Amino acid sequence: MTRCRGKPLSVLLMATFIIALCAPAYATLVPNGSFESASVDPGGGFITLGSGSTAITGWTVTGHSIDYIGGYWQASDGDRSIDLSGSGLGGIELTTAFETIVGSEYILTFDMAGNPDGPPSVKELVVQVGSVVELFTFDSTGQTRDNMGWEEKSLAFFATDTTTALIFRSILDTSGVPPYYGAALDNVSVDAVPEPSTILLLLSSIVGLTAFGRKFRK
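Residue numbers run consecutively from 1 along every chain, following the written order of its sequence. It should be noted that, the model being predicted, local features are given only for residues of pLDDT at least 70 and side-chain atom pairs only at 80 or more, the latter also being counted only at that level, while totals for whole chains, interfaces and linings use all residues. Remark: hydrogens and water are excluded; side-chain values derive from all non-hydrogen atoms of the structure.

A. Examining the confidence of the model for the chain more closely. On a range of 0 to 100, pLDDT expresses the predictor's confidence in each residue. Residues with a pLDDT of 70 or more make up 75% of the chain, whose mean pLDDT is 84. Residues count as neighbours in contact if any of their non-hydrogen atoms are within 4.5 Å of one another. For the stretch residues 1-25, pLDDT sits under 50, and the model shows 21 contacts to residues farther than four places along the chain or on other chains. Note on residues 197-209: pLDDT is under 50 here. Beyond four places in sequence and across chains, it has eleven contacts.

As structure tokens, this is what we get:
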């Protein structure tokens, strides 16, 4: 029985090409989402950055201040992260809104923990992405700087404009606790959700190419 040894390789290359065409739909739209790039170095501790600071590449500090964390505690991704409460309630926002397609669906994901050094136990942050606003919480009970207990959070939204702003801000309860043991943030990403027709096209193409390859392996 004769085998056509060149065909399976051709099928693999064609499948790779199709997947590459669809890859941009999965590319994150947030630059420096793990906060690794900055004009300052928090080293093995942290640096407090005040309102308006653009020291962290791609991001602007809002509110009172934030703590830019280096080796002070365990990061979720890379070596650096953020405490959204510095010496007061703070936040960060993308300096430049990311491009979106009106009516298309996107998903925001990020990792959240909490400063374990002080109260309250339950840390809270608010996310605003475009016109969507949502509250997220994290219970820091039992967590330590060496084991922060990072949790992945997510929020799906539909774009209502050609550019979309992204803002994170810290909030605390009103029980009189110090405002500087806030929510921790890392590994921020926004990805486009592929249209069902795109997914169907990809799947049908792979199935077709697989059948094509089997034919020539006989």
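B. Geometry of the nonpolar core. Core analysis: the biggest nonpolar cluster contains 38 residues, and W59, L108, F110, L166, F168 and V188 have the highest contact counts within it. Residues contacting V188, with those up to four places away along its chain left out, are V30, G33, F35, W59, L108, T109, F110, L166 and F168. Take the buried residues of types Ala, Val, Leu, Ile, Met, Phe, Trp, Tyr and Cys, join any two whose side-chain atoms come within 4.5 Å, and each joined set is a nonpolar core. A 1.4 Å probe rolled over the protein chains alone gives each residue an accessible area, and that area as a share of the maximum for its type sets the label: buried under 20%, exposed over 50%, partly exposed in between.

C. View of the sheet that holds strand β13 (residues 183-192). Taken together, the six strands give an open sheet; going across it, the order is β1-β3-β4-β13-β7-β10, and neighbouring strands pair in antiparallel fashion. The open sheet has two edge strands, β1 (46-50) and β10 (151-158), and neither has a second partner. When strand polarity is set aside, the average angle formed by the axes of neighbouring strands in this sheet is 30°. When DSSP finds two or more bridges between two strands, those strands count as paired. Labels follow the DSSP assignment, with helices taken as runs of H or I lasting at least four residues and strands as runs of E lasting at least two, numbered in each case from the N terminus. Inspection of the sheet shows strand β4 (residues 81-83) paired to β13 by two bridges, in the antiparallel sense. If you follow D83 over to β13, its bridge partner there is A184. Axes here mean lines fitted to C-alpha atoms, for a helix over just the part in contact, with angles spanning 0 to 180 degrees between N-to-C directions.

D. Geometry of the pattern of salt bridges. The salt bridge criterion pairs a side-chain nitrogen of Lys or Arg with a carboxyl oxygen of Asp or Glu, the two atoms within 4 Å. Scanning the entire structure with this criterion turns up three salt bridges. D117 is the partner of R145 in a salt bridge, and the nearest nitrogen-oxygen pair spans 3.2 Å. Within this pair, whereas R145 is found in the loop between β9 (132-139) and β10, its partner D117 is found in the loop between β7 (105-114) and β8 (122-129), the two being separated by 28 residues in sequence. Judged by its relative accessible area of 33%, D117 falls in the partly exposed class. Of the charged contacts in the structure, one is a salt bridge between K153 and E151, with a shortest N-O distance of 3.0 Å. Note on K153: relative accessible area 15%, which makes it buried.

E. Expanded view of the packing of aromatic side chains. Each Phe, Tyr or Trp ring (for Trp, its six-membered ring) is paired with any other whose centre lies within 6.5 Å, and the angle between the two planes then decides the class: stacked below 30 degrees, edge-to-face above 60, tilted in between. On inspection of all chains with the given rule, the structure shows eight aromatic pairs. The interplanar angle of 70° and the centroid separation of 5.0 Å between the aromatic rings of Y180 and Y181 together place this pair among those described as edge-to-face. Ring pairs connect the aromatic residues F35, W59, F110, F136 and F168, which therefore count as one cluster.

F. A look at the pairing of strand β2 (residues 59-63). Among the five residues of β2, four are classified as buried, and the element is accordingly described as predominantly covered. When β2 meets strand β5 (residues 90-94), the two strands line up antiparallel, connected through five bridges. Residue pairing for β5: G63 is matched across the bridge by G90.

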